[in-house]
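# Overview (structure and organization)
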There are 2 protein chains.
Amino acid sequence: MSAHNVVTVEVGLGERSYDILIGPGLIERAGEEIAKRLPKARVAIVTDEHLAAAGHLDRLRMALDKTSTASTTTVLAPGEKTKNFDALQQVVDDVIAARLERGDAVIALGGGVIGDLTGFAAGIVRRGMNFIQMPTSLLSQVDSSVGGKTGINSPRGKNLIGVFHQPKVVLADTGALDTLSPREFRAGYAEVAKYGLIDRPDFFAWLENNWQEVFSGGPARAEAIAQSCRAKADVVARDEFETGDRALLNLGHTFGHALEGATGYDSTRLVHGEGVAIGMALAYRFSARLNLASPDDASRVEAHLKAVGLPWRLSDIPGGLPDAETLLNFITQDKKVSRGALTFILTRGIGQSFIAKDVPASEVLAFLDLSLKR
Amino acid sequence: MSAHNVVTVEVGLGERSYDILIGPGLIERAGEEIAKRLPKARVAIVTDEHLAAAGHLDRLRMALDKTSTASTTTVLAPGEKTKNFDALQQVVDDVIAARLERGDAVIALGGGVIGDLTGFAAGIVRRGMNFIQMPTSLLSQVDSSVGGKTGINSPRGKNLIGVFHQPKVVLADTGALDTLSPREFRAGYAEVAKYGLIDRPDFFAWLENNWQEVFSGGPARAEAIAQSCRAKADVVARDEFETGDRALLNLGHTFGHALEGATGYDSTRLVHGEGVAIGMALAYRFSARLNLASPDDASRVEAHLKAVGLPWRLSDIPGGLPDAETLLNFITQDKKVSRGALTFILTRGIGQSFIAKDVPASEVLAFLDLSLKR
Ligand SMILES: NC(=O)c1ccc[n+]([C@@H]2O[C@H](COP(=O)([O-])OP(=O)(O)OC[C@H]3O[C@@H](n4cnc5c(N)ncnc54)[C@H](O)[C@@H]3O)[C@@H](O)[C@H]2O)c1
Ligand SMILES: NC(=O)c1ccc[n+]([C@@H]2O[C@H](COP(=O)([O-])OP(=O)(O)OC[C@H]3O[C@@H](n4cnc5c(N)ncnc54)[C@H](O)[C@@H]3O)[C@@H](O)[C@H]2O)c1
Ligand SMILES: [Zn+2]
Ligand SMILES: [Zn+2]
């Protein structure tokens, strides 16, 4: 593949700035792109069994061989449960055992799970190693690989443990998406739609008209990924450490994380992006109930999620859910809690989301109760 | 105790600047000092069994009660071995279970082990909680509590895993030192002498004349602690993330860490400050051997360490050491290795230390071999 198919989006963070490269064939070009930025670096690759089985790990190793880049590999079990302390310790041990030094790098080849875990490990070995994101799922290409949030889960809640650690470069090979399951592709699409729903109403309208082409591949897909990365890079550049605006990216995530917790992170029942899809539909419906947004906008969101085949209401989750009280408990252990008052991302309409502090827990409880019956 | 006995040293790090308060009675004043900086904060205290047994934990809890500061407590086993992944996970779990929020704080009450471990946990829970250092050993008051380096050990080397996470304030209660064992006090004194040996020849000469008063307590002790904190704060303010000058603080530590590793972190044989004492003596002797410093300066360092009762040569370590080759292996896994060449802190004389890159491993090996026979 030639380089002219590759789009570059810059994340502007002063001396921590980096490029996101988006396009086909980037795994094959990894050696060159890394050598350009980190001359003579040796690398430790972290990936999961699905990526190895799909042949992407071998593609990467061959690419690194071409530039004589020495590498070691850690292959982990796939799935959200891998974001735990044991796997963190394993990656940290492997990176240390590889005797990498300050100029070397740790590569995450995989979805958001591998990216979050590996970025965290890279952030704590020797108090911070060079880190390279090679996201292979749609979700990780449009979201988790950009912005430097890394981490693992606690039994008490998602992503409660981690650091901010920015990558040196993000190589998003759109060709890798061809081996992703349709379900995982859809789940990632929820985060694409999210950027429209946060503050880009035109992008959301474009998605309503073009989602079929995004799903089938081709220029519309790469365009949607680049747009999403731009949207995320904008927010991250404004607020690297999430002291303000960046919280907007959590649209759909407060409800979504609670649902992931309530289903025990069981991916046969719910994956992250599906939780986010339902969470966004709930955030819009909740905003309508609070007379902030029009019920028509909530219906429009629900209709689009439904059209692309994403779950959008609680009853779409197989296997049953606990009661509203229990769901609320999952929410209050979530991070977006400030001195006892609940913080939510609510909305005044399509592309008009905002950070709402002091949302009364009683309102959330009543709304969840109602939503469980829908 | 009244506030006029308290000396304040500022660590100038822009928006991450903080005060080190040094003096008697600071544990009793912890509630006020914390409330001043973090109004209404709740706290999670992390300490070890020795501190609890010596009554300092109760003193702190009573102090927090006076200001109605809610607290939870984690008491860990004392000793270097506690700086591991399991203890990290325990502290992280306890802090999360306490449901602390962004305005709340995690307190380390103890020596460098508790400080390093707790600071690391505070740095990764919710990607960074407020952190307060209450150092209780001499070593932690003059060194580990200042500068934001936190971490745990890997089986492959000391402090290989961690983050930079600056405290909001350091409360160094000099009264707490009264319950410290003489051996631990001496070990901490090695780091005090270190500041003189790095770049403050007058301070070293002052210590040669006044060490007895420093050991017996009183004004000379507080003076030595404040001088040490100033020396460290200076270096840290110049180079927060150890990309340059800060490495000078590792004088004695390359050898020292290797010795800690070679003795299996067994504190009955060697504690950190003792390793540093021997390491500094070796760094001076090695510099003399390389014709960088005068042998008289090496002898002067050895004589002072000996006078205060610190070990200064390899044969002072009980139980025997492995051969030079094995010791060198511990060194090359140490952090101060850049692209295969060995980096050492060497010296041109008392208070004239410098960072030496490209020290040939063969020279180190020959020197270690010689030193083992001394
Ligand atoms: N750090 C952030 O800012 C951020 C943002 C959003 C989400 N996240 C995190 O991202 C995670 C979800 O990401 P995800 O959906 O990518 O999860 P994932 O890593 O589990 O990937 C989903 C599944 O697809 C497989 N897969 C990935 N790429 C593939 C490919 N090219 N071919 C075949 N199979 C492939 C994986 O093995 C896995 O089974 C969550 O843990 C979430 O918390 C983080
Ligand atoms: N972060 C840094 O910049 C930095 C710098 C230097 C050293 N360190 C680390 O610090 C650690 C060594 O620190 P340390 O010597 O304080 O070790 P430590 O925490 O193990 O304390 C030494 C012993 O004294 C006990 N103790 C502490 N205060 C006491 C008191 N007031 N009364 C009675 N007993 C007390 C402890 O329980 C322990 O048994 C090492 O792990 C080293 O790597 C870190
Ligand atoms: Zn998400
Ligand atoms: Zn030290």
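Source: prediction; values computed, not measured.

### Observations regarding the site of ligand 1
All names here are of chain A. Close contacts around ligand 1 come from 25 residues, with D48, E80, G112, S137 and T179 the closest. For ligand 1, an oxygen atom lies 2.8 Å from a polar atom in the side chain of H50. Measuring from an oxygen atom of ligand 1, one finds a side-chain N or O atom of K83 at 2.8 Å. Look at ligand 1: alone it shows 860 Å² of surface, and the protein chains cover 91% of it.

### Some words on the relation of the copies chain B and chain A
By a simple turn and slide, chain B fits onto chain A: the slide is 0.0 Å along the axis, the RMSD is 0.0 Å, and the turn is 180 degrees. In symmetry terms, the pair is related by a two-fold rotation axis. Most of the interface of chain B is mirrored in chain A: 98% of its interface residues are interface residues there too.

### Let's talk about the coordination of the zinc ion (ligand 4)
Residues and elements named next belong to chain B. Within the protein, E191 (OE), H253 (NE2) and H272 (NE2) serve as the donor atoms for the zinc ion (ligand 4), at 2.0 to 2.2 Å. When the donors of the zinc ion (ligand 4) are listed by position in the chain, the intervening gaps give E-x61-H-x18-H. Residue E191 is found in helix α7 (residues 182–199), and its partner H253 is found in helix α10 (residues 253–262); the two are separated by 62 residues along the sequence. Its relative accessible area of 0% is what places E191 among the buried residues.

### Some thoughts on the site of ligand 2
Residues and elements named next belong to chain B. The environment of ligand 2 is made up of 25 residues, and the closest members are D48, E80, G112, S137 and T179. Note that an oxygen atom of ligand 2 is positioned 2.7 Å from one of the side-chain N or O atoms of K158. A distance of 3.4 Å is found between an oxygen atom of ligand 2 and a side-chain nitrogen or oxygen belonging to K232. Against a free-state accessible area of 860 Å², the protein chains account for coverage of 91% of ligand 2. When its residues are assigned to classes, the shell around ligand 2 shows 6 nonpolar, 10 polar and 9 charged.

### Here's the deal with the interface of chain B and chain A
Size of an interface, as often reported, equals the accessible area lost when the parts are brought together. Contacts between chain B and chain A engage 41 residues on the former and 40 residues on the latter. Between chain B and chain A, the buried area comes to about 3,400 Å², and carbon and sulfur atoms account for 47% of it. Taken together, the links from chain B to chain A amount to 0 salt bridges. Inspection of the chain B/chain A interface yields 6 residue pairs in polar contact (both at pLDDT 80 or more). Residue assignment for the side of chain B that touches chain A shows that the elements contributing at least two residues are α4 (85–97), α5 (112–124), β8 (157–161) and β10 (337–338) of chain B.

### A closer look at the coordination of the zinc ion (ligand 3)
On the protein side, the zinc ion (ligand 3) has E191(A) (OE), H253(A) (NE2) and H272(A) (NE2) as donor atoms, found 2.0 to 2.1 Å from it. On the primary sequence, the residues serving as donors to the zinc ion (ligand 3) are separated as E-x61-H-x18-H.

### Quick look at helix α8 (residues 201–216) of chain A
Residues and elements named next belong to chain A. End to end, α8 covers 23 Å across 16 residues, agreeing with the expected 22 Å (1.5 Å per residue, within 8%). Maximal helix bending in α8 amounts to about 70 degrees, located at N210. Turning to α8, its buried residues number three or more, namely F203, F204, L207, N210, W211 and V214. Check the buried side of α8 and you find it contacts α7 (182–199), α9 (219–238) and α12 (295–308). Directly beyond the C-terminal end of α8, a positive phi value near 100 degrees is found at G217.

### Concerning the sheet that holds strand β3 (residues 43–48) of chain A
Each strand in a sheet pairs with its neighbour through backbone hydrogen bonds, running either in the same direction (parallel) or in the opposite one (antiparallel). Residue and element names in this part refer to chain A. Strand order in this open sheet of 7 strands is β1-β2-β9-β6-β5-β3-β4, and the pairing throughout is mixed. On the outer flanks of this sheet lie β1 (7–11) and β4 (71–76), each paired with one strand and no other. Going from strand to strand, the sheet's axes swing by 15 degrees on average, the running direction of each strand aside. Bridge count for β3 against β4 is 6 bridges, and the pairing is parallel. Bridge pairing links A44 to T72 in β4. Along the sheet, helix α5 (residues 112–124) contacts β3, β4, β5 (105–110) and β6 (130–135); its crossing angle with β5, the most-contacted strand, is approximately 165 degrees.

### Focus on unusual backbone geometry
Unlike most non-glycine residues, S68(A) shows phi in positive territory, near 55 degrees. Within the element layout of this structure, S68(A) appears in the loop between α3 (56–66) and β4. Residue class for S68(A) comes out exposed when judged on its relative accessible area of 67%. Backbone geometry places R126(B), a non-glycine residue, at a positive phi of 50 degrees.

### Side note on the pairing of strand β12 (residues 353–359) of chain B
All names here are of chain B. Pairing of strand β11 (residues 341–347) with β12, which is carried by 5 bridges, proceeds in the antiparallel orientation. What sits directly across from F344, in β12, is A356. Between β11 and the antiparallel strand that follows it, β12, lie 5 residues; G349 among them carries a positive phi value of about 155 degrees.

### Let's talk about the packing of aromatic side chains
Summed over all chains, the structure comprises 21 aromatic pairs over all chains. Residues F164(A) and F241(A) carry aromatic rings whose centres are separated by 5.2 Å and whose planes lie at 90 degrees to one another, so their mutual orientation is edge-to-face. Taken together, the residues span a long stretch of sequence, with F164(A) in the loop between β8 (157–161) and β9 (169–173) and F241(A) in the loop between α9 and α10 (253–262) at a distance of 77 residues. Note on W211(B) and F215(B): the rings are 5.6 Å apart at their centroids and 90 degrees apart in plane angle, and the pair reads as edge-to-face. A residue pair is termed a helical-turn pair when its members lie 3 or 4 positions apart in one helix, as W211(B) and F215(B) do in helix α8 (residues 201–216) at 4 residues. Given a relative accessible area of 21%, F215(B) falls into the partly exposed group. Ring pairs connect the aromatic residues F185(A), Y189(A), W211(A) and F215(A), which therefore count as one cluster.

### Digging into the UniProt feature "domain: 3-dehydroquinate synthase N-terminal" (unreviewed entry) in chain A
The sites that UniProt annotates as "domain: 3-dehydroquinate synthase N-terminal" (unreviewed entry) are residues 75–186 of chain A. With 34% helix and 24% strand, residues 75–186 of chain A has its two end C-alpha atoms placed 25 Å apart.

### Here we look at the packing of α7(A) against helix α11 (residues 272–289) of chain A
Two measures define how a pair of helices packs: the angle their axes make with one another and the distance between the axes. Residue and element names in this part refer to chain A. Viewed as axis vectors pointing N to C, α7 and α11 meet at an angle of 35 degrees, and their least axial separation amounts to 7 Å. Crossing of α7 over α11 shows left-handed handedness. Between α7 and α11, the contacting residues are R183, A187, A190, E191, K194 and L197 on the first element and H272, G273, E274, V276, A277, M280 and Y284 on the second.

Conventions used here
- Residues numbered from 1 in each chain as written.
- Chains lettered and ligands numbered in written order.
- Predicted model: local features only at pLDDT ≥ 70, side-chain atom pairs only at ≥ 80, totals over all residues.
- Heavy atoms only, no water.
- Near = heavy atom within 4 Å.
- Polar contact = N/O pair within 3.5 Å; in protein donor to acceptor, adjacent residues only side chain to side chain.
- Areas by Shrake-Rupley, 256 points an atom, 1.4 Å probe, with all protein chains shown as cover.
- Least-squares fit on C-alpha atoms with pLDDT ≥ 70 in both.
- Contact = heavy atoms within 4.5 Å.
- Donors = N, O, S within 2.8 Å, 3.2 Å for Na, K, Ca; no water.
- Helix = DSSP H or I, 4+ residues; strand = E, 2+ residues; numbered from the N terminus.
- Buried < 20%, exposed > 50% of the residue type's maximum accessible area, 1.4 Å probe, protein only.
- Nonpolar A, V, L, I, M, F, W, Y, C, P; charged D, E, K, R; others polar.
- Buried area = accessible area lost by both parts, 1.4 Å probe.
- Salt bridge = Lys/Arg side-chain N within 4 Å of Asp/Glu carboxyl O.
- Expected span 1.5 Å × (residues − 1).
- Bend = angle between axes of the 7 residues up to and from the residue.
- Pairing = 2+ DSSP bridges.
- Axes fitted to C-alpha atoms, helices over the stretch in contact; angles between N-to-C directions.
- Phe/Tyr/Trp six-rings, centres within 6.5 Å; stacked < 30°, edge-to-face > 60°.
- UniProt positions renumbered as here; feature names shortened; annotations may be inferred.
- Left-handed = near helix turned anticlockwise from the far one by under 90°.

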